[in-house]
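Letter by letter, the chains look like this.
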Amino acid sequence: MSLKQKIMFLATTLTIFMALVGAIGGVGISMLSKRLTHLGHTSLPSMRNLILADMVSDGSHGMIYRVILAAKTDDAAELKAAKAETEELFQRFMGYLDELDKQDLDAEAQTRLDALKSNVRNYIAEGNRIITTAANQGSDQALALMPQFAKSFEADEEAMDSLATYIQESVNKSIEEDDKTGHTLIVVMIVSVGIAFAISMYLGLLITNKVVGPIVGVQSSLEEIASGEGDLTRRISVTTQDEVGALAAAFNRFIDKLQGIIKGVSDNAQVFSTKSQNLLGSAQQLSVSAKEVKTAVDAVAGAGNHIDQQTQALSKTGVATASDVGEIRAAADEMASVIVGTAAAT
């Protein structure tokens, strides 16, 4: 695996892990968001409608007594107004329950709501019956119907309290689950960040050992050679098959060639030294021969002077003969031949 592939693999591994951490966090946040949305769009509005329905129920219960009182006093205008307000409260009562029915309730809450609506219908029917009785038959007959109306009212109150308690418990349970989910999500995120940090440290050490280490080795070897104290027999261990390994192998080949070149230069220097010594010996021999030639030349010069003196003596006396001159010339030629032979020998 090449160096580039190693780095890409390590980076990809870290990226995938971080993406996994992000996905886990995203799923957890999505779950919390859905639960909070359900809490805001369902549970809280349901509680609001139940509270309003309970208030309207209490108001309608009081309006029934107002209707009876108006009938007792024969106040037709008051009776009509009380009747209209009571009917409006009944409509609002059912309206709040219908709004509650539109919420996304679970099966248990829906069952309790259906039972409550059935009780409320009975309650409204009992109330309308009391209103009609009070208007047509008087307050006494209407009061006689109040115990049954009170039972319907109590049944409605119990059903609303039961539904409100269930919804409140559901809300509390949802909040507890959200708290647990949030806590679990925080723990998972902390652990994931810790694992990501550990992986990052491991990858950093791995890159340092596998990538930077061999490069530092090459740098150290090059610095030793550049300083003039390098050991050309030293080689870098090739432990990988990536670009760093190729660099180390190329460096080793370069050192091999450099060592061969330097060895050749050293061998040539030794040969040159030997030849220089031989040349020095030849020069010394030539110097000795030159001295010998100089001595011979000096001897010839002395002989020439002697001959010249003899010639002058013969010339002055006139006794020398032509044959003696020829002998002297022959002797001189022979001496010159000796000198030439000595020079040729050196």
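Before reading on, note that the structure itself is shown above.
First, a word on what this report is: a plain description of the structure on this page. (Residues numbered from 1 in each chain as written. Predicted model: local features only at pLDDT ≥ 70, side-chain atom pairs only at ≥ 80, totals over all residues. Heavy atoms only, no water.)

Another aspect to go through is the overall build of the protein chain. Helix and strand content of the protein chain: seven helices and zero strands. Ordered by position from N to C terminus, the α and β elements of the protein chain give α-α-α-α-α-α-α. Classification of the 346 residues of the protein chain by burial places 26% in the buried group. Sequence-distant contacts in the protein chain: of pairs separated by 6 or more residues, those separated by 24 or more amount to 74%. With an accessible surface of roughly 22,000 Å², the protein chain has 61% of that area assigned to carbon and sulfur atoms. (Helix = DSSP H or I, 4+ residues; strand = E, 2+ residues; numbered from the N terminus. Buried < 20%, exposed > 50% of the residue type's maximum accessible area, 1.4 Å probe, protein only. Contact = heavy atoms within 4.5 Å. Areas by Shrake-Rupley, 256 points an atom, 1.4 Å probe, with all protein chains shown as cover.)

Attention now moves to the side chain of S60. As for its placement among the helices and strands, S60 is situated in helix α1 (residues 3-72). When neighbours within four sequence positions are excluded, S60 is seen to be in contact with T86, L89, F90 and Y123.

So, on to the nonpolar core. By size, the foremost hydrophobic cluster in this structure holds 41 residues, and its most contacted members are L50, I64, F93, L97, L116, I130 and L163. Elements with a contribution of two residues or more to this core: α1, α2 (76-101), α3 (107-136) and α5 (146-226). Beyond its immediate sequence surroundings of up to four residues, L50 is in contact with L100, L116, M160, L163, A164 and I167. (Core = buried A, V, L, I, M, F, W, Y, C linked by side-chain atoms within 4.5 Å.)

Let's shift gears to the packing of aromatic side chains. For the coordinates displayed, the defined rule picks out four aromatic pairs. On the basis of an interplanar angle of 80° and a centroid distance of 5.9 Å, the ring pair of F90 and Y123 is categorised as edge-to-face. Highlighted residues: F90 in helix α2 and Y123 in helix α3, separated in sequence by 33 residues. Y123 shares its class with F90; the two are buried. Taking 5.9 Å as the distance between ring centres and 40° as the angle between the ring planes, the aromatic pair formed by Y123 and F153 counts as tilted. Of this pair, Y123 sits in helix α3 while F153 sits in helix α5; the two residues are 30 residues apart in sequence, bridging distant segments of the chain. What links up through ring pairs into an aromatic cluster is the set F90, F93, Y123, F149 and F153. (Phe/Tyr/Trp six-rings, centres within 6.5 Å; stacked < 30°, edge-to-face > 60°.)

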